[in-house]
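Chains, contacts and geometry: an overview
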Amino acid sequence: MEILNFEIEINASPEKVWSVLWADISFRQWTSAFTKGSFYEGTLEEGSIVKFLDPHNNGMYSRVVKNIPNEEMKFLHLGEIYEGVETAQEWGDATETYILEEKEEGVLLKIIINTSDEFKEVFNDKLPLALSNVKHLSENQL
């Protein structure tokens, strides 16, 4: 497992950035950096299972480990989904954490990912564009 760190400064309130990250419509917009048509199913309550899917019902499922609104969201990735079928994986402590730090001129959004080598390249390639999408949506949507 390797820890990857990403961050971006956003000139918006923590509430606005949080809304962009997790509201259905904007989630679909910023995650298009990974796959067009990406969405999630389920609730983001601590302890719940959420499915991150593409339009063909492929993706992954995760447990919400932490949800402190406007501050932090953490997922533990549990397995893959292929054509709607869930398959548990031995990913150990594969986590994805979103941290919003309020600054004088907005928010510093940090994303910390604990990942296996098989996904490292995807995150390094796609996450900077996804962060740029979050920044654009946060700073330009009403």
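One can find the structure itself at the top, above this paragraph.
All residue numbers here refer to positions counted from 1 along the written sequence of the relevant chain. Local features are withheld for residues below a pLDDT of 70 in this predicted model, meaning they are given only at 70 or higher, and side-chain atom pairs are given and counted only at 80 or more; totals for whole chains, interfaces and linings count all residues. The side-chain numbers reported here are obtained from all heavy atoms of the structure, hydrogens and water having been left aside.

To continue, consider empty space enclosed by the protein. Buried and open spaces are told apart on a 1 Å grid over the protein atoms alone, a cavity being a set of points where a 1.4 Å probe fits but cannot get out and a pocket being an open set with protein on both sides within 12 Å along at least five of seven lines. Residues with an atom within 4 Å of a point are the lining residues. Grid points are joined across faces, edges and corners, and a volume is the space filled by probe spheres set on the points. Going through the model one piece at a time under the given rule, you end up with one cavity of 30 Å³ or more. Roughly 80 Å³ of internal volume is contained in the largest cavity. Lining the largest cavity are M60, H77, W91, A94, T95, I113, N114, T115, S116, F119 and F123. When contributions to the lining of the largest cavity are tallied by element, the ones reaching two or more residues are β8 (106-115) and α3 (117-140). Counting residues per element, the lining of the largest cavity draws most heavily on β8, at three residues. Three categories are distinguished: nonpolar for Ala, Val, Leu, Ile, Met, Phe, Trp, Tyr, Cys and Pro, charged for Asp, Glu, Lys and Arg, and polar for the others, with Gly belonging to the last. A class-by-class count of the residues in the lining of the largest cavity yields six nonpolar, five polar and no charged. The helix count covers DSSP runs of H or I at least four residues long, the strand count covers runs of E at least two residues long, and both are numbered beginning at the N terminus.

This brings us to the packing of aromatic side chains. Only rings of Phe, Tyr and Trp enter the pairing, Trp through its six-membered ring, and a pair is recorded when the two centres are within 6.5 Å. The plane angle decides the type: under 30 degrees is stacked, over 60 is edge-to-face, the rest tilted. If you walk through the whole model with that rule in mind, you get 13 aromatic pairs. With a centroid separation of 5.0 Å and an interplanar angle of 85°, the aromatic rings of W22 and Y98 are classed as edge-to-face. Taken as a pair, W22 in helix α1 (residues 14-22) and Y98 in strand β7 (residues 95-103) lie far apart in primary sequence, 76 residues in all. Given a relative accessible area of 7%, W22 falls into the buried group. The buried label applies to any residue whose accessible area, calculated with a 1.4 Å probe on protein chains only, is under 20% of its type's maximum; exposed applies above 50%, and partly exposed to all values in between. Under the relative-accessibility criterion, Y98 is labelled buried at 3%. By way of ring pairs, the aromatic residues W18, W22, F27, W30, Y40, F52, F75 and Y98 are connected into one cluster.

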